[in-house]
Amino acid sequence: MIFAKRLSLALAFCAAAGSANAALVDAPVASNAYITVNNLDWAWAFPLPAADGLDLSFQSQFGWRLPTAAELLNAPKATDFMFTGANVPLGGTDPLTGAYFAAANANLTGSAACATAYFSNSFSHCDWQDGNGQPFGPWAGLPGAHGYADQLVVRSVPEADTYAMLLAGLGLLGVIARRRQPARG
């Protein structure tokens, strides 16, 4: 009995320790928490460079990764993350993830996308002033970036042909399934 209790406590401790490394939100990044530019989805993922605690472990299954140096050269500006319907309302907090913008300035004039809670176990904000095109930009990984530059992540956007092939395949499966049904009389 005592052994079982100790084993149970040890397992609970290990589970808690393991979950401490998980991001605040273990779900696919919501579509209003990222933008699409140059055939890449871009997420404002962390208020520091990746080496300071960015967690790609869960999101990598959805294709999220660090951008290459070449991709970063064509990275969007902070203001590109502003759009109607973005997850963080102006001066507010995302009700789903708790994401918000810290260190805002007059260039933040509307709702904007911040995905930090999907990639961090300790942060839920993006530092507006550290985004590319703002006073303390550029993004982490770009020449001239400082030690607290904000980090972007990317994933490839499936091309229209990929979607067309997927739909054609599903249609074919539907036709096959329909032909295999016995005739009703």
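Bear in mind that the values here come from a model prediction, so they are computed numbers and not experimental data.

Novice: Before we move on, can you summarise the sheet that holds strand 1 (residues 35–37) with the specific residues and values?
Specialist: Read across the open sheet, the three strands follow the order 1-2-5; overall the sheet is antiparallel. At either margin of the open sheet sits one strand with a lone partner, and together these are strand 1 and strand 5 (151–156). This sheet shows a mean twist of 40 degrees between the axes of neighbouring strands, independent of strand direction. Relative to strand 2 (residues 40–46), strand 1 runs antiparallel, the two sharing three bridges. If you follow Ile35 over to strand 2, its bridge partner there is Trp42.

Novice: A description of the side chain of Thr116 should follow, citing residues and the corresponding values.
Specialist: Positionally, Thr116 belongs in the loop between strand 3 (100–102) and strand 4 (125–127). Given a relative accessible area of 0%, Thr116 falls into the buried group. Setting aside chain neighbours within four positions, we find Thr116 in contact with Trp44, Ala45, Phe46, Pro47, Phe123, Ser124, His125 and Cys126.

Novice: Run through unusual backbone geometry, naming residues and quoting values.
Specialist: Negative phi characterises most residues that are not glycine, and trans characterises most peptide bonds. Going from Gly137 to Pro138, the amide bond is cis rather than trans, its omega being 15 degrees. Mapped onto the elements of the fold, Pro138 is located in the loop between strand 4 and strand 5. With a phi close to 60 degrees, Asn39 is a non-glycine residue in the positive phi region. Examined against the element boundaries, Asn39 turns out to sit in the loop between strand 1 and strand 2. Accessibility expressed as a relative area gives 63% for Asn39, which makes it exposed.

Basis of the calculations
- Starting from 1, residues in each chain are numbered consecutively following that chain's sequence as written.
- Only residues with pLDDT of 70 or above have their local features reported here, since the model is predicted, and side-chain atom pairs are shown and tallied only from 80 upward, although totals for entire chains, interfaces and linings are computed over all residues.
- Computation of side-chain values: all heavy atoms of the structure, hydrogens and water removed.
- One bridge is not enough; two strands pair if DSSP finds at least two bridges between them.
- Each helix is a run of H or I in the DSSP string that is no shorter than four residues. Each strand is a run of E no shorter than two, and both are numbered from the N terminus.
- Note on geometry: axes are C-alpha line fits, over the in-contact stretch for helices, and angles between N-to-C directions span 0 to 180 degrees.
- Categorising residues by exposure relies on relative accessible area from a 1.4 Å probe, with only protein chains included: less than 20% of the type maximum marks a residue as buried, more than 50% marks it as exposed, and the intermediate range marks it as partly exposed.
- Residue contacts are counted whenever heavy atoms from the two residues lie within 4.5 Å of one another.

All we've got here are geometric facts, nothing functional implied.
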